[in-house]
Number of protein chains: 2
Amino acid sequence: MQEHLIIIGGVAAGTKAASKVRRENRDLKITLYTDEKYISYSACGTPYYIGDVIKSEEKILVRSPKEFRTKENIDIKLLHRVTAIMPDDNKVTVKNLETEEEFEDEYTNLLIATGSRSFIPPIEGVELNNVYKLKSISDSIKIKKSAKTAKKAVIIGAGYIGLELAESFRGLGLETTIIEMSPQVLNTFDPDLAGQVKAYLEEEKGVRIILEDSVTKLKGDAKGNLTGVRTEKGQNINAELVVIAVGVKPNVELAEEAGIEIGETGAIKVNKRMQTSIPNIYAAGDCVETVNMITGRQVWIPLGSTANKQGRVAAINIAGGYAEFNGVLGSAVTKIFEYTASISGLNEKTAKKLGIGYEIAIVSHKDRSGYMPDAGEITLKILADRETGKFIGIQAVGKGDADKRVNVIATAMTAAMTVSEFLQTDLTYAPPYSPAIDPLLIAAQILEKKISKDITSISPQDLEKYLKEKKTCSIVDIRKPEEFREWHLKKAKNMSTDELEKRILKERPESILICCDEGMKSYIESLRLKEKGCKNVTFIDGGINYLKNIPEYREKKD
Amino acid sequence: MQEHLIIIGGVAAGTKAASKVRRENRDLKITLYTDEKYISYSACGTPYYIGDVIKSEEKILVRSPKEFRTKENIDIKLLHRVTAIMPDDNKVTVKNLETEEEFEDEYTNLLIATGSRSFIPPIEGVELNNVYKLKSISDSIKIKKSAKTAKKAVIIGAGYIGLELAESFRGLGLETTIIEMSPQVLNTFDPDLAGQVKAYLEEEKGVRIILEDSVTKLKGDAKGNLTGVRTEKGQNINAELVVIAVGVKPNVELAEEAGIEIGETGAIKVNKRMQTSIPNIYAAGDCVETVNMITGRQVWIPLGSTANKQGRVAAINIAGGYAEFNGVLGSAVTKIFEYTASISGLNEKTAKKLGIGYEIAIVSHKDRSGYMPDAGEITLKILADRETGKFIGIQAVGKGDADKRVNVIATAMTAAMTVSEFLQTDLTYAPPYSPAIDPLLIAAQILEKKISKDITSISPQDLEKYLKEKKTCSIVDIRKPEEFREWHLKKAKNMSTDELEKRILKERPESILICCDEGMKSYIESLRLKEKGCKNVTFIDGGINYLKNIPEYREKKD
């Protein structure tokens, strides 16, 4: 029998694998089944299609079924659902969704690339007209059509898709409200940085954001058309369009029913070669779990970039070669209007939860030379392991080029570089691209000092707890008097650095917390005081300017 | 005696070091002498000031002498020229350029940060009015003033400054001609990529570029005002403004006269701690040579980013700490209108000259998802060492985000990452930032195959030599017939991949050169033919699309 590869799923991992197997092996028969009407589309592009940045849905179709058939001899079966896998017989049963006909097909190798689906919470009224999820091209076509007549939209969920959709809807002129259960937007980020994104959306882009609340009812009229939502805390919001974007779940049922092992995260377990527990059945993309390269733990982080890479690795192995996929850093980026939010590795929440001893550096800086008219402010928050001196995570948000910096640290983390080693990196410089000393290097300098000199600092998100515990702490603010008058922490005293040194060395208070504008000057002062024998000196990472951006602190001035 | 640090030079390295020393040590006396009127300015920002992107020269002044004096207790002496260093007495002699008064000053430590100066070739008429160099703020003020009335400008030299100035002049409406001695613009880049930049400037931006010629005479009128230039090859070009930007030379005379060792490159020799041959005399910035981290050789690559970092290292050591500067990759970036040209590590010219066995990958690709309206094309050329599998250089040019990719590989080179290790990097992905598989990863995949499978290819810049040597070579072009008809190499035959395989396996020609659009398909075909036992199969890196951009090939179609 001719070798036959059957692929289930036709978005990123499935189509990538099909083409790659074909390039490696021209003789194999390849059949791809998908229950969708479209294949090989960019799911990540759908918000831009909805927002009319991309005019036609055809643009986000990477390649057509015809191209696959004629150029690569890959048989694409649209609207064909695989209903069962029979590993003992190396067969699948398939249902043609148009004709309802069912049949069996035999494989030598099988690739499960079933992806993920939107999680739809059991809300009353979810069946009303103009209530959508956003997962496929078909969904996005419906949403775009609906958005043309709607005036008010509600997005349930403030993750990547939720926020990207908010941009699309605002661009189309819709009044937009986001409702999110958790206390922050962008849950993969730390709350301090997520707070900046939220403030930007509310204050500059007119998006209404409701946190720590959830939709309990979708309300409709007699015709079954949506009219609004009601939240658990009793808010009623009118809307002619709702998109539910609370998250996704891996499509593992087919695999599970076939006796394929499911991992602890609930996604399909695979080895580094993307093989499932049954050797001639591979799996790749959103339906599989993988390893976090920093922690070594199993994680499920469904992303298009990962799906593409896993599809490639599976293909090489299926074609008889050898390739491994070693894991992810959870690297991701999202554009929200002019704002970029980008991340790689662990955030502070996770590092803390895992009990990792870490140091952080927070640097707010222009992304290029400050005198360039298009310079934008970015905030970097970088974490390093205190024991090993290696980077373990970076987050970057702001109106400037934040993503570039995240990819540099993602590379450093993959190389297991220490902060000290990284400081030797020769990054490019020209005024339109970066400051002469890149914010990344400033952050790395701070981290190096903190690791080597045992300088302690307080992360803004731990400040409240710290102040509660250290009731006798002297809070010293070394900013200019006018800056101090405008906003300062309760009980803080304003003094110059000279005065600080004199008084502290004389009075020797039990503990001192130093505040400055951006965290640099207070860091230098605490270093100096430590060298002069003061104990319990600390400062606030990122300084007062950063603190002011955190919603909890915005109101809490003296 | 109070410890006294004297710094000679007040641009990047000098001012950076002054502030850093002060932060580390509050008791030291610091005096900075400069013969200029301005200090602490961004020399790299001057083209943007001239082009009126930055309106006032004050914007590119980082900090004022007053700030240094009052905030950091650093004594800044403007218009004071240090005329001699006397290491035996730990003294310098200084001349006040305003009063002509001369005096001596004693130091504990000395930092030489004398920078570099423009090299002015001995051209007749160089003393005419409206003939400038661009090195200092004062130069840029004069050029900006002159550009307001001039209609035609000539720039001598097509390096970074020359091309950035061309953008500024065109922006101000001046007819602009660049005259360059060497056969390419941007000499730090390979000619193939530099050819793209040249074509862009000429075809899209109306800049006239004359290569392989030089200015022999600057012509003037009776009043001593410039009227035009004459070139060696006899061209006469009218101009009311000339800027000479043929390169810079390190200012080492002071050091040399004091008996300080000068390195093989002609710049001051320093150790990793930035100490010269006299232990209490440090040097940093454009006046010193450093080590290329890839080759281990001494190089002189004057750049603002390097100057800043060296100033910091010198300062830490002067203040009694310990820091090292390990060398450079020559990382640099320049913006030329909407074009970015960015580089790190070795180019192909240099790798070849040094006899390094390298593989290259050339990838032309959109910088973000192709369906995003603002996606721009970039070309990456990446080199790896064939023996070690490590990256040794990257160049990126194009209208898209090229610089981001260069910084990622600069980090990988600093970490001494192999191409295979890099392929595990989890880079961020979202349609507005990159394609699902970043062009960097595509290039790394090609490099990995070339390193591990012994696939041979021809770099576009070696193609002509190859074709001359291999006169019997079969050239097969596997693009579509219509693409082939539009442009192809002489003697090339057009055939499909199926036909190629059949005919080649039957005819077994002595050597085969495969061409495709972007180098990927031909690479796959040559891999396949090799596996089927064909010897002497090769392909053109970057493909025909890339080749068409190289000036020498643009005209040479069949």
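Residues numbered from 1 in each chain as written. Chains lettered and ligands numbered in written order. Predicted model: local features only at pLDDT ≥ 70, side-chain atom pairs only at ≥ 80, totals over all residues.

Asks: What exactly am I supposed to notice about the overall build of chain A here?
Replies: The helix and strand inventory of chain A stands at 18 helices and 30 strands. Taking 24 Å as the expected radius of gyration for a compact globule of 558 residues, we find that chain A reaches 27 Å, a close match to that expectation. Along the first, second and third principal axes, the C-alpha atoms of chain A reach 90 × 60 × 45 Å. Looking at chain A as a whole, 52% of its 558 residues are labelled buried. Here the contacts in chain A between residues at least 6 apart in sequence split such that 65% fall between residues at least 24 apart. (Helix = DSSP H or I, 4+ residues; strand = E, 2+ residues; numbered from the N terminus. Rg over C-alpha atoms; globule rule 2.2 N^0.38 Å. Buried ≥ 20, exposed ≤ 12 C-beta atoms within 10 Å, placed from the backbone. Contact = placed C-beta atoms within 7 Å.)

Asks: It is not clear to me how the relation of the copies chain B and chain A should be interpreted in this structure. Could you clarify?
Replies: Related by rotation about an axis and a shift along that axis, the two copies of the chain form a pair. Screw-axis analysis of chain B against chain A gives a translation of 0.0 Å along the axis, an RMSD of 0.0 Å, and a rotation angle of 180 degrees. Both copies are brought into coincidence by an operation consistent with a two-fold rotation axis. Counting the interface residues of chain B, we find that 100% of their copies in chain A are interface residues as well, pointing to one common contact surface. (Least-squares fit on C-alpha atoms with pLDDT ≥ 70 in both.)

Asks: For this particular structure, what's the right way to read helix α8 (residues 304–318) of chain B?
Replies: Helical geometry: 3.6 residues make up each α-helical turn, so side chains three or four residues apart lie on a common side. Residue and element names in this part refer to chain B. For α8, spanning 15 residues, the distance from its first C-alpha to its last is 21 Å, which sits close to the expected 21 Å at 1.5 Å a residue. Taken across its 15 residues, α8 has 15 buried, putting it largely inside the fold. Backbone geometry just after α8 places G320 at a positive phi near 100 degrees. (Expected span 1.5 Å × (residues − 1).)

Asks: I keep staring at the interface of chain B and chain A and nothing clicks. Help me out?
Replies: Bring the parts together and some accessible area is lost; that lost area is often taken as the interface size. The interface of chain B with chain A comprises 53 residues on the first partner and 53 residues on the second. For the side of chain B that touches chain A, the secondary-structure elements that each account for two or more residues are α1 (12–24), α8, β21 (332–336), β22 (339–345) and α10 (403–414) of chain B. Among the elements that make up the side of chain B that touches chain A, the one with the highest residue count is α10 of chain B (nine residues). Classifying every residue of the side of chain B that touches chain A by side-chain character gives 29 nonpolar, 17 polar and seven charged. (Nonpolar A, V, L, I, M, F, W, Y, C, P; charged D, E, K, R; others polar.)

Asks: For this particular structure, what's the right way to read the sheet that holds β21 of chain B?
Replies: Two pairing modes exist for strands in a sheet, parallel and antiparallel, and in both the strands are linked by backbone hydrogen bonds. Residues and elements named next belong to chain B. On the basis of which strands lie adjacent, the open sheet formed by five strands has the order β21-β22-β25-β24-β23 and antiparallel pairing. Two strands bound the open sheet, and with one partner strand each, they are β21 and β23 (358–366). Adjacent strand axes in the sheet meet at a mean angle of 10 degrees, parallel and antiparallel pairs treated alike. As paired elements, strand β24 (residues 377–385) and strand β25 (residues 391–398) share seven bridges and run antiparallel to each other. Considered in β25, the bridge of K381 is made with Q395. (Pairing = 2+ DSSP bridges. Axes fitted to C-alpha atoms, helices over the stretch in contact; angles between N-to-C directions.)

Asks: What am I meant to see in the domain arrangement of chain A here?
Replies: All names here are of chain A. With domains assigned, chain A is organised as domain 1 (4–40 + 56–117 + 250–318), domain 2 (131–246) and domain 3 (455–558). On a C-alpha basis, the centres of domain 1 and domain 2 stand 31 Å from each other. Every contact between the two is made by five residues of domain 1 and, on the other side, six residues of domain 2. (Domains from an automatic or database assignment.)

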